[in-house]
Amino acid sequence: MTKLDQAVILITGTTGGFGQELTRQLLRAGSRLILTDLDQTALTAWSESVQREITTGEILACIPADLADPAGSAALYQQVNAISIPVDILINNAGIGLFGRMDEVPVEQWERLMQVNLLAAMRLSTLFAADMIARRQGHIVNISSLAGWCAQAGMAHYAASKFGLRGFSEGLFDEVKHYGVQVTAVYPFFSRTPILRSPGYGTLAQNYQGFPDHLATDPAQVIAVTIRGIEQNKLHVFPDRPAQIIHLVKRFFPQLLTWLGTVLSKRLNNERKQLS
């Protein structure tokens, strides 16, 4: 079991939808948090707001970091080390999205996505895992996506980053498990977070109005299940019913999933026509 009370936890992507829920729920669990995100102003404002809301737990530091920059992860690691408090749990939550046909998305946009979603998580895991191995304890959590198991049109780049994070998590698990270090990968369905409003590009994005809010899951519930999975040292966590069902269908009935995807696409198109 991974204990959260008094655990020192570094959360990336803190001001996003999942990041905010992780902050709230881990503070309520008595954790001591190091928060990081791109924008210092937003990070400070969120920290002050949540500390007025929740009096348990503790925010040790707020550290701005540009994880799209290859040097950003190393800089963050150095600033965390300067606090002189070992990190018990690293939560690689930072992520961005985009939508568009593979050849119509600007190269700089999908390369930035790969830096944030995959490479930054790998870099931070590499840096903090070495310390955890030396202490013979620790936990690395990677927030992947159901897109790490199946991909849809318009999401090739995003799915590639999340498939990569799943593979990295599985390999990392086998490499560190003998040193008392745990690894958890999380695969949520579309949830009501700002990533649903990611930018779109090209042909596929012309008539795409985003994923319908009423079909998306509640981020508070997703994170509650995620935290239980972390406490139970689960390697794979499917934190909502759609993710659980689609994952099983993908594994055992992949052709059925293709058919369901077609049905869902038609349903969404019909809803958009009715709204237009």
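Residues numbered from 1 in each chain as written. Predicted model: local features only at pLDDT ≥ 70, side-chain atom pairs only at ≥ 80, totals over all residues. Heavy atoms only, no water.

## Concerning the packing of aromatic side chains
The criterion, for reference: Note on ring pairs: Phe, Tyr and Trp rings are taken, using the six-membered ring of Trp, and paired if centres are within 6.5 Å. Classes follow the plane angle, with under 30 degrees stacked, over 60 edge-to-face and the rest tilted. Working rule: Lys NZ or Arg CZ, within 6 Å of ring centre, within 35 degrees of ring normal, means a charge sits over the ring.
Applying the stated criterion across every chain, the model contains five aromatic pairs. An aromatic cluster of at least three residues, connected via ring pairs, comprises Trp 149, Tyr 187 and Phe 238. The ring of Trp 149 carries Arg 166 above its face, with NZ or CZ at 3.8 Å from the centroid.

## Observations regarding the environment of Ala 134
Under the convention used in this document: Each helix is a run of DSSP H or I of at least 4 residues and each strand a run of E of at least 2, with the numbering of both proceeding from the N terminus.
Structurally, the position occupied by Ala 134 is in helix H4 (residues 107-135). Separated by ten residues in sequence, Ala 134 and Leu 124 place their C-alpha atoms 16 Å apart.

## Some points on the packing of helix H1 (residues 17-28) against helix H7 (residues 219-231)
The test is simple: Here, axes are lines fitted to C-alpha atoms. For helices the fit covers the stretch in contact, and angles between N-to-C directions go from 0 to 180 degrees. Angular relationships are summarised with four words: roughly parallel below 35 degrees, roughly antiparallel beyond 145, roughly perpendicular across 65 to 115, and oblique for the angles in between. Take the far helix as your reference; a near helix turned counterclockwise from it by less than a right angle gives a left-handed crossing, and one turned clockwise gives a right-handed crossing. Contact definition: two residues touch when any of their heavy atoms are within 4.5 Å.
Where H1 meets H7, the closest approach of the two axes is 9 Å, and the angle between their N-to-C directions is 55°. With respect to H7, the element H1 is oriented oblique. In this structure, H1 meets H7 at a crossing whose hand is right-handed. Within the contact between the two elements, H1 uses Phe 18, Glu 21, Leu 22, Gln 25 and Leu 26 and H7 uses Pro 219, Ala 220, Val 222, Ile 223, Ala 224 and Ile 227.

## Some points on the pattern of salt bridges
Pairing is possible between side chains of opposite charge, provided their charged atoms come close. Test applied: By definition, a salt bridge exists where a carboxyl oxygen of Asp or Glu is found within 4 Å of a side-chain nitrogen of Lys or Arg. Partly exposed residues are those whose accessible area sits between 20% and 50% of the maximum for their type, while under 20% is buried and over 50% is exposed, using a 1.4 Å probe and protein chains only.
By the definition in use, this model includes seven salt bridges. Here Glu 21 makes a salt bridge to Arg 24, at a shortest N to O gap of 3.0 Å. On the criterion of helical spacing, the pair formed by Glu 21 and Arg 24 is a turn pair, its members being three residues apart in helix H1. Comparing Glu 21 with Arg 24, the two get one shared label, buried. Several salt bridges converge on common partners, so that one network encompasses Glu 21, Arg 24, Arg 28 and Glu 53.

## Considering the packing of helix H3 (residues 70-82) against H4
The N-to-C vectors of H3 and H4 enclose an angle of 35°; their axes lie 9 Å apart at closest approach. Note on packing geometry: the crossing formed by H3 with H4 is right-handed. Here Pro 70, Ser 73, Ala 74, Leu 76, Tyr 77, Val 80 and Asn 81 of H3 come into contact with H4, specifically with Gln 115, Ala 120, Arg 123, Leu 124, Leu 127, Phe 128 and Asp 131.

## A look at H4
In an α-helix there are 3.6 residues to a turn, and that puts residues three or four apart on one side. Put simply, the rule reads: By this rule the span expected of a helix is its residue count minus one, scaled by 1.5 Å. Two axes enter the bend calculation: one fitted to the seven residues ending at the residue in question, the other to the seven starting there, and the bend is the angle between them.
Under the 1.5 Å per step criterion, the end-to-end length of H4 is 41 Å for 29 residues, consistent within 8% with the ideal 42 Å. Where H4 bends most, the angle comes to about 40°, and this point is Leu 119. Immediately downstream of H4, the backbone of Arg 136 shows phi near 60°, a positive value.

## As for the pairing of strand S4 (residues 89-92)
Our working definition: Each pair of strands is called paired provided DSSP finds at least two bridges between the two strands.
What you see with S4 is no split at all: Ile 89 and Ile 91 on one side and Leu 90 and Asn 92 on the other are buried throughout. Relative to S4, strand S1 (residues 8-11) runs parallel, the two being bridged by three bridges. Looking at the pairing, Ile 9 lines up with Ile 89 of S4. Strand direction decides the pairing type here: S4 and strand S6 (residues 138-143), joined by four bridges, are parallel. Within S6, the position partnered with Asn 92 by the bridge is Asn 142.

## Remarks on empty space enclosed by the protein
Applied cut-off: Site definitions follow a grid-based scheme: protein atoms alone, a 1 Å grid, a 1.4 Å probe that fits but cannot get out for cavities, and for pockets an open set with protein on both sides within 12 Å along at least five of seven lines, plus lining residues having an atom within 4 Å of a point. Grid points are joined across faces, edges and corners, and a volume is the space filled by probe spheres set on the points. Only Asp, Glu, Lys and Arg are considered charged, only Ala, Val, Leu, Ile, Met, Phe, Trp, Tyr, Cys and Pro nonpolar, and every remaining residue, Gly among them, polar.
The tally for this structure, following the rule as stated, stands at one cavity of 30 Å³ or more. A volume near 50 Å³ is recorded for the largest cavity. Forming the boundary of the largest cavity are 13 residues, of which Thr 12, Asn 92, Ala 94, Val 116 and Ala 121 lie nearest the centre. Put simply, the parts of the chain that give the lining of the largest cavity at least two residues each are H4 and helix H5 (156-176). Per-element accounting of the lining of the largest cavity gives the leading share, five residues, to H4. Its residues assigned to classes, the lining of the largest cavity shows eight nonpolar, four polar and one charged.

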